[in-house]
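Chain residues, written in single-letter form:
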Amino acid sequence: MPNVAIVGRPNVGKSALFNRLVGRKIAIVHDQPGITRDRISAICKRGARPFTLWDTGGIIGVGERELSGQVRRAAEEALRESDLLLFVVDAKEGLSPVDEELGRTLRKSQKPILLVINKIDNEKHELLAAEFDALGFDPSFSISAEHDRGISDLIDQIERHLPAAGVSREIKHQTSNIEHPLAVAIVGRPNVGKSSLINSIVRGERAIVSELPGTTRDAVDVLYERDGQKFVFIDTAGIRRRGKHSSSVEVFSVMRAERSIRRADLCVLIIDLTMGVTAQDKRIAGLIQKARKPAIVVLNKWDLVKPGRREKQAARQLIEETRARLFFLEYAPISTVSAATGENTENVFASIETVRHAARRRIGTGILNRLLRQSFEANPPPLVKGRRLKLFYAAQTRHGTSPSDRRTRSGGLQTAEEPFQTLSHETQRRSFVVPEFVLFVNDPSLMNETYRRYLEARIRKAQPYPGLPIILALRPRAKSVAQAPRVRTK
């Protein structure tokens, strides 16, 4: 798929154009210069031919001094990988020396360039575009990213300047069978090493790394392939308490991070070993639990705390302490790593593979019902207003199959007959299937949270499901169908 990069000085509307072209609000749009720091990408499907669109940080201009060099390098890397450049300028601010310098720099790239004159909101603003003829770029397009003005014409020109497709119809039809990459959200407090871990894994500087907290603002998707398995690592903004946000930009950043948790297949919670498990770490773990997402926990900055002797014993102790603090996420695998040195980063993939393997396991219906009945007998449910929860039948659902496959001919749930089955090949294509058990009971309202956790613990004794939440879906007993009145015969 061709690559198109949006470039320009800060605050000319690059992120607004990015969002308009991809049809979603992905990049954060704000009137403060230098908001976009990492380069983010998405697929634009508005035209006849899709392409990958890149939003880059302002190559030249204001921003934190600690970050300006890295932002520039990330943007320049996007230029090298692109087939077409959209050079965005601000019509209302007029032609600036920075625009002229950037124009000379872009010409040296020898890439096709379309000059995009933004913020032409109506016909009265058309005259403002004439000033940019001095840049010498042809063609140029007057648009308003905010008001969707001139965007259709721009998309037509983008398609004309893209490299030849060379894709046969047969190959197009095969794209539906391509396996989707595994989406892994890297979440945690600010400055715990989320971007450093991703860069250590992919061995590049795709995500901006700085000691300044809050460096990452947009959720950045980083594509990575390992041993034939495709991953999308989602580098999220550090999630801090709402009361401590210093600007509206950080509010949007946290919202994007929370959204990334919901769209991920698996979440990696990063914890700073130099600070231990904080109250905010618990809140973030709670967000993962609430979203019912598979999870692993990574204790970062191991190089700063590891002792000179008995490293394994110290690591085990840290893991046990973390598990005790995150007791509600105790099923998540925990490992110690150092993103700065790359030590033990392989453990992240080992944990992911452990969770993937567990997601393919199922408990046979017979085993499950005997297990739950024994659990009810050993520890009966509490009385609620004189009534007690009763279990009639239980089954593990089959997720990932079509609705028609989830029903048997008799109309009931399709269940496993073997004690412990592996999911079908079609289901395995969806990497992480959260185990869900349907319990048919007399009244679902009689189940309290304490007894629910008890039943989950009993299920995990039979099948641990590391890294996976367990969902118990309670259904009331179906009412018996009233018999039809008998007809008397003479």
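Heads up: the structure comes first, above all this text.
Just so we're clear, the structure is a prediction, and the values are computed from it rather than from any experiment. (Residues numbered from 1 in each chain as written. Predicted model: local features only at pLDDT ≥ 70, side-chain atom pairs only at ≥ 80, totals over all residues. Heavy atoms only, no water.)

1. So, the environment of Gln-157
Phase 1: Along the chain, Gln-157 turns up in helix α4 (residues 151–161).
Phase 2: Relative accessible area serves as the criterion here: at 16%, Gln-157 is assigned to the buried category.
Phase 3: Sequence separation between Gln-157 and Phe-141 is 16 residues, and the spatial gap between their C-alpha atoms is 9.3 Å.
Phase 4: When residues no more than four places from it in sequence are discounted, the contact partners of Gln-157 are Leu-114, Pro-139 and Phe-141. (Helix = DSSP H or I, 4+ residues; strand = E, 2+ residues; numbered from the N terminus. Buried < 20%, exposed > 50% of the residue type's maximum accessible area, 1.4 Å probe, protein only. Contact = heavy atoms within 4.5 Å.)

2. Focus: the sheet that holds strand β1 (residues 3–7)
Phase 1: With mixed pairing, the six strands of this open sheet are ordered in space as β2-β3-β1-β4-β5-β6. Each end of this open sheet is capped by a strand with a single partner; those strands are β2 (40–44) and β6 (140–142). Across the sheet, the mean angle from the axis of one strand to that of its neighbour is 25°, orientation sign disregarded.
Phase 2: Against the sheet, α4 contacts β1, β3 (51–55), β4 (84–90), β5 (113–118) and β6, and its axis sits at roughly 170° relative to β5. (Pairing = 2+ DSSP bridges. Axes fitted to C-alpha atoms, helices over the stretch in contact; angles between N-to-C directions.)

3. Points about the sheet that holds strand β16 (residues 436–441)
Phase 1: On the basis of which strands lie adjacent, the open sheet formed by three strands has the order β14-β16-β17 and mixed pairing. Of all strands in the sheet, those with a lone pairing partner are β14 (391–396) and β17 (471–476), marking the two edges. Each neighbouring strand pair of the sheet contributes to a mean axis angle of 20°, computed without reference to strand direction.
Phase 2: Relative to β16, β14 is paired through five bridges, and the arrangement is antiparallel. Its bridge partner being in β16, Leu-391 is matched across the sheet by Val-441.
Phase 3: Packed onto the sheet, helix α12 (residues 365–378) meets β14 and β16 and runs at close to 140° relative to β14.
Phase 4: Running over the sheet, helix α14 (residues 449–462) touches β16 and β17 and is turned about 120° from β17.

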